[in-house]
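One letter stands for each residue in the lines below.
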Amino acid sequence: MLTRADLAKYPFLNEATDYVKDLGLSIEDIRPEEYGPVLDRAEKRLEEALSKGRITTNIADENTEILSFPVSNLILSLTGEDRAKRRYALAEAKRAYELLKQESPDKLELIASSAFQWKLRRANIQLGRRLYDFSIGLTDYLRNAIHLKEPRWKLSNRVLDHGFVLATRDETARLLEEEVRSKIIDRTSRSTASVNIPTFLGPTIEHVRNLTVKYLGTPVHYELPRVPVPEAMPPCVRNLISLLDSGKNVQHMGRFTLASFLVNIGAEQEEIVRVFKPASDFSERMTRYQVEHIAGQRGGRTKYTCPMCTTLKTHGVCYKPDEVCATIRNPLSYYKSQARTFTRGKKAAN
Amino acid sequence: MNPSDEIVKRKFQEYYASPTRKLHKPPKMEQREYGFLMFKEKFMVRHRGFKTAESLLTAARDLAPKHVYYSTAYYQQPTASMEEKGWLGADLVFDIDADHLETPCKTEHDTWKCKACNSTGKGTTPKLCPKCKNDRLDSETWLCEKCLNQAKEETFKLLGILYADFGVNPDHIGIFFSGHRGYHVHVYSEGLRFLGDEERREIADYVLGQQLDFQLQGLAETKTRGVTVIEGPQLGEPGWRGRIVAGVYDLLQENEKSGLTDSLKAWDNKRVLEGGSFWSSAKGVGLSTWKDLAVKAVEKGSARIDSVVTTDIHRLIRLPGTLNGNTGLLAMQVSERGLEDFDPFTDSIAFEGKMRIHVKEAPSLRIKDSVMGPFNNETVEIAEAAALILLCKHRAEPIGLMKS
C-alpha cells in the first residue's frame, strides 16, 4: 500500500490525485488565507525547477507537498510555455529519481506496476557481478530507454529473457524517472479551458511568467535567415551538394534529403533546381516537378520535412558527423542552431 | 510493354482468374492499405482498401499487377492520404533476403553493371562502381538454392531469438516465402503493435547483434591480488550472454581450427562441462583473443535481417498468396514445422504447363525434380514455371507470342 508519505514523495501518482479528490478540494478552495503554504510550495517548485533545474526532496508537510503539485501543474499550463514545461517536468522527474533510488524493491515494484502499469517482475538474478532485482516488460523498457543514449541502455547490451529485460534497482528507478517526465509533460499540456481560474491565482501566474523570462530568457522566435547560409549546413547536406557539384551521382534518399532540406530552410526554387543541375542525369522539368512536390505545391499538398538523422544513417546518407551533429536529431536543427551563430554578427550591426 | 512482360502479365491474369483461387487474408484486412505495382506503368497504385479477400482477388484479376502489397500498419482510414490515415499500430515484421547475405555462390550467379561506364563485375553489387565511382549500378541476381537455404537458416535463427529472448508466442507468428530470394516473418502480438520506429530499431539492432558491447555483456578482465582473471557470461544464461558463450564453444568444437592460437587448438571442453568457468578453461588466452572469437560468435548467432523493413511503421509488404513479378513464383505462408522441408522450387510453383522460349543466357535451375540448363542462346520447351522465372528475370524471350 502507498502511504500518505509516499504520495508526498510522488505527488504525480494517480493515487495522489485521488487523495486530493477525496479531500473534496478544488482549485477555488486553495485560497491564500487558508492554504498559503500550499501556494508558496507550488510557486517554489516552479521557481526551483526554472532556476536550478532541481526541486528539493525534503518534505516539510505531507499535505502541502501533495496539494502543491497539481497547483504547480495548473499554473504552468496557464503560463503556456513549452520550454518551462519541459524544464519543470525534468526537474520533477529528477527529484522523483533521487527518492526512488532509495526505496525498497517492494515499494519500487508497487509504484511501477500499480501506478504506471508496467509489466514488472522480481528477478533477483545474479549474472557475473551484477544483481538484477527486476525484470521489466520489453515495451515498458523500450518506451523509456530510447530516450537514454548511453550504450548500457541499448537493447543489444541488455539481458533479454522471454520478453523481459533484466534491470538493477537503480536502473529501474532511472527508467521510472523517464516515465515520470513523460507523465508530467502530458499533464502540463492538458487543456485548461474548462478550469475556472480563481482571481487570487493571478499574481502567482504573473510571478511565474516573470520567472520564466528571468531564467529562460524571452522566447525568441528566431527566424531563419532569408538567404541560405552554406556555412551553417550540416556535413551530410554539404557532402550531397559537393557530390552533385562534381558530377557524381546521388541516390534517391540523398536527393530527397537535399531537396527537402533546402525547401525547409526557405531556399528559392530556382536555387534548388540549380543545385541539382550538375547531376549527370539532370532534367530540369523533372527536378522542378519534384521540388514543387516536396514543397507541397503539387500532388498530396504535403510539405515534406527533412528525414531524421537515424533514417539518414540507415540509408548511408549521414556523412562525417561532427560535434554539432551529436546534439541534434534532424539536419534542420543543425542548420537552425548554426545559422543563428553565423548571422548573429550581422543582426547586431542592424 | 515488352513481349516478355506481356506474356507474364497474361499468365498472371489467368492465375488470378482461376475459379478455385483464394488469397491470404491478413489479420484485420479491412484496416490495411493495399498497393499494386503494374507491369505497364512503372508506378504504384496505392491507398486502396479491401474488406474481403474476394474483393481483393477481383482487383488482382482486373489489374493483373506485377506485385501486390499490403501495409504492415493498421489504419482508421486505409484509403485516405498518408497524414489522414490514422495509424493504429503495425505488425512487427522482419525481412530476410539473399540480397543482404554474404553467400560464396553469389560470385557465380550475381552480376552487376555500372550505368555510367558500363563496367561489369560478379557477386554482390558494390555501393560505388570501383572504376568510375558512380553509384548507379544495375544488378542481376539469380534465384539460387544455396542462397535460399541460407535465408532459411537465418529465418530459423530469427525465430529462435524471437521465442527465447522476446518471448513471442508462436501462435502470433506468420512465416512467409517471398516468392523470390527470401522469407518474411510477421509478428502479430498486440503488445508489440504500438512500438514506434525507434523502439523497432532497438529490436532490429538486437536481432543483428549490432553495437553490442562485450564488456556490457559481462566479458571483462579483472585483477584480484595481482592475478588477471577473465570473467564472462556462462553457458545457459539468457539473451546474448548465453548465445555468445554457446557460439564461442561451437567455434572451439569445430574441427576446422585454422586461425586459432595453439592454446586454443588444445582446448578441451571437459573443464567447462564439469562446471568450470568457461573463460578460464584455456590457459594463457587473453581477453583480446576471446573478444575476436566473440565477434565471430555474434556474427553466427545473429539473424541477418534488413533493418529498414523492421523499423518502417508504414511499410507496404508483399501479400502472401500473390505472384511475385520477379519470378512468377507464389509468395506464400509456410508453417514453422514445414519450414525445414519447404522447397520453393516445388511448393511455390504456380504454373504447371510447358512453354517454348528463347533463352539468352542463364545458370541451371530446378523445378521439382527436374534440373534444366545452363542455357546459352537456345530455344527450348521447358516447364512453364521455369520459363516464367527466365522471362521475369529477362534472361529469355517468348516465342510465337499469341495475339491478345
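Just so it is clear, the structure is predicted and the values come from calculations on it, not from any experiment.

Caption draft 1: The arrangement of the overall build of chain A in detail. Summing up its helical and strand segments, chain A has 15 helices and four strands in all. Viewed in the frame of its principal axes, chain A has a C-alpha envelope of about 75 × 55 × 40 Å. Put simply, of all contacts in chain A between residues at least 6 apart along the chain, 71% involve residues at least 24 apart. Summed over its atoms, the accessible surface of chain A is roughly 17500 Å², and 50% of this surface lies on carbon and sulfur atoms. Put simply, chain A has 54 plus and 44 minus side-chain charges, and the middle of one group is 7 Å from the middle of the other.

Caption draft 2: The packing of helix α1 (residues 3-17) of chain B against helix α2 (residues 53-63) of chain B, seen in detail. All names here are of chain B. Between α1 and α2, whose axes approach to 8 Å, the crossing angle comes to 155 degrees. With respect to each other, α1 and α2 are oriented roughly antiparallel. The element α1 and its partner α2 pack so that their crossing is left-handed. For the pair α1 and α2, contact is made by K9, Q13, Y16 and A17 and by L57, A60, R61, D62 and L63, respectively. In the contact of α1 with α2, the residues fall into five nonpolar, one polar and three charged.

Caption draft 3: Spotlight on the nonpolar core. If you look at the biggest cluster of nonpolar residues, it comprises 176 residues, and the most contacted ones within it are L155 of chain A together with F94, F166, F278, W290, I357 and L390 of chain B. For L390 of chain B, the residues in contact, after removing those within four places along its chain, are W142, I357, V359, A362, L365, F375, I382, R395 and A396 of chain B. L244, V250, F256 and A259 of chain A belong to the second largest nonpolar core, which has 29 residues in total.

Caption draft 4: The arrangement of the interface of chain B and chain A in detail. Each side of the interface is counted separately: chain B has 34 residues, and chain A has 35 residues. Surface buried jointly by chain B and chain A totals about 2900 Å² across both partners, of which 53% is contributed by carbon and sulfur atoms. Here chain B is connected to chain A by five salt bridges. Its salt-bridge partner being E198 of chain B, residue K149 of chain A comes within 4.0 Å of it at the nearest N-O pair.

Caption draft 5: Inspection of the pattern of salt bridges at higher detail. Residues and elements named next belong to chain A. Enumeration over the complete set of coordinates arrives at 45 salt bridges over all chains. Across the pair R45 and E92 runs a salt bridge, and its minimum N-O distance is 2.5 Å. Of this pair, R45 sits in helix α3 (residues 32-52) while E92 sits in helix α5 (residues 82-100), placing them 47 residues apart in sequence. Per residue, the accessibility class of R45 equals that of E92, and both read buried. The partner of R288 in a salt bridge is E270, with the nearest N and O atoms 2.9 Å apart. Residue R288 is found in helix α13 (residues 284-294), and its partner E270 is found in helix α12 (residues 269-276); the two are separated by 18 residues along the sequence. Salt bridges sharing partners connect three or more residues here, namely R41, R45, E48, E65, E92 and R95.

Caption draft 6: Fine view of the pairing of strand β12 (residues 220-224) of chain B. Residues and elements named next belong to chain B. Here β12 runs beside strand β13 (residues 227-231); their pairing, made up of five bridges, is antiparallel. Bridge pairing links T222 to V229 in β13. Between β12 and β13, which follow one another and run antiparallel, lie two residues, and R225 among them has a positive phi close to 50 degrees.

Caption draft 7: Here's a closer look at the side chain of S4 of chain B. Here S4 of chain B is to be found in helix α1. In this view, S4 of chain B contacts L391, A396, E397 and P398 of chain B; residues no more than four positions away in its chain are not counted.

Caption draft 8: Expanded view of the pairing of strand β11 (residues 182-187) of chain B. Residues and elements named next belong to chain B. Within β11, six of the six residues are buried, which leaves the element mostly enclosed by the surrounding structure. Relative to β11, strand β6 (residues 92-97) is paired through six bridges, and the arrangement is antiparallel. Its bridge partner lying in β11, L92 is registered against V187. Relative to β11, strand β10 (residues 173-177) is paired through five bridges, and the arrangement is antiparallel. Across the sheet, residue G174 finds its bridge partner in β11, namely H186. Between β10 and the antiparallel strand that follows it, β11, lie four residues; G179 among them carries a positive phi value of about 90 degrees.

Caption draft 9: Region of the structure containing the confidence of the model for chain A. A residue-level look at chain A finds 94% of positions with pLDDT of 70 or above and a mean pLDDT of 86. Counted against residues more than four places away or in other chains, residues 345-350 of chain A, with its pLDDT under 50, gives one contact.

Caption draft 10: Representation of the sheet that holds strand β1 (residues 120-127) of chain A within the structure. Residue and element names in this part refer to chain A. Reading across from one edge, β1-β2-β4-β3 is the order of the four strands in this open sheet, with antiparallel pairing throughout. Across the chains shown, the open sheet's two edge strands, defined by having one partner strand only, are β1 and β3 (160-161). Here β3 pairs with strand β4 (residues 164-167) via two bridges, running antiparallel. By the bridge assignment, D161 is partnered in β4 with F164. Lying over the sheet, helix α7 (residues 138-145) contacts β2 (130-137), β3 and β4, oriented at roughly 100 degrees with respect to β2. Its contacts with the sheet place helix α8 (residues 169-188) against β1, β2 and β4, and it is angled at close to 35 degrees to β2.

Calculation rules
Residues numbered from 1 in each chain as written. Chains lettered and ligands numbered in written order. Predicted model: local features only at pLDDT ≥ 70, side-chain atom pairs only at ≥ 80, totals over all residues. Heavy atoms only, no water. Helix = DSSP H or I, 4+ residues; strand = E, 2+ residues; numbered from the N terminus. Contact = heavy atoms within 4.5 Å. Areas by Shrake-Rupley, 256 points an atom, 1.4 Å probe, with all protein chains shown as cover. Lys, Arg positive; Asp, Glu negative; His and termini not counted. Charge placed at Lys NZ, Arg CZ, Asp CG, Glu CD. Axes fitted to C-alpha atoms, helices over the stretch in contact; angles between N-to-C directions. Parallel < 35°, antiparallel > 145°, perpendicular 65-115°, else oblique. Left-handed = near helix turned anticlockwise from the far one by under 90°. Nonpolar A, V, L, I, M, F, W, Y, C, P; charged D, E, K, R; others polar. Core = buried A, V, L, I, M, F, W, Y, C linked by side-chain atoms within 4.5 Å. Buried < 20%, exposed > 50% of the residue type's maximum accessible area, 1.4 Å probe, protein only. Buried area = accessible area lost by both parts, 1.4 Å probe. Salt bridge = Lys/Arg side-chain N within 4 Å of Asp/Glu carboxyl O. Pairing = 2+ DSSP bridges. pLDDT = per-residue confidence, 0-100.

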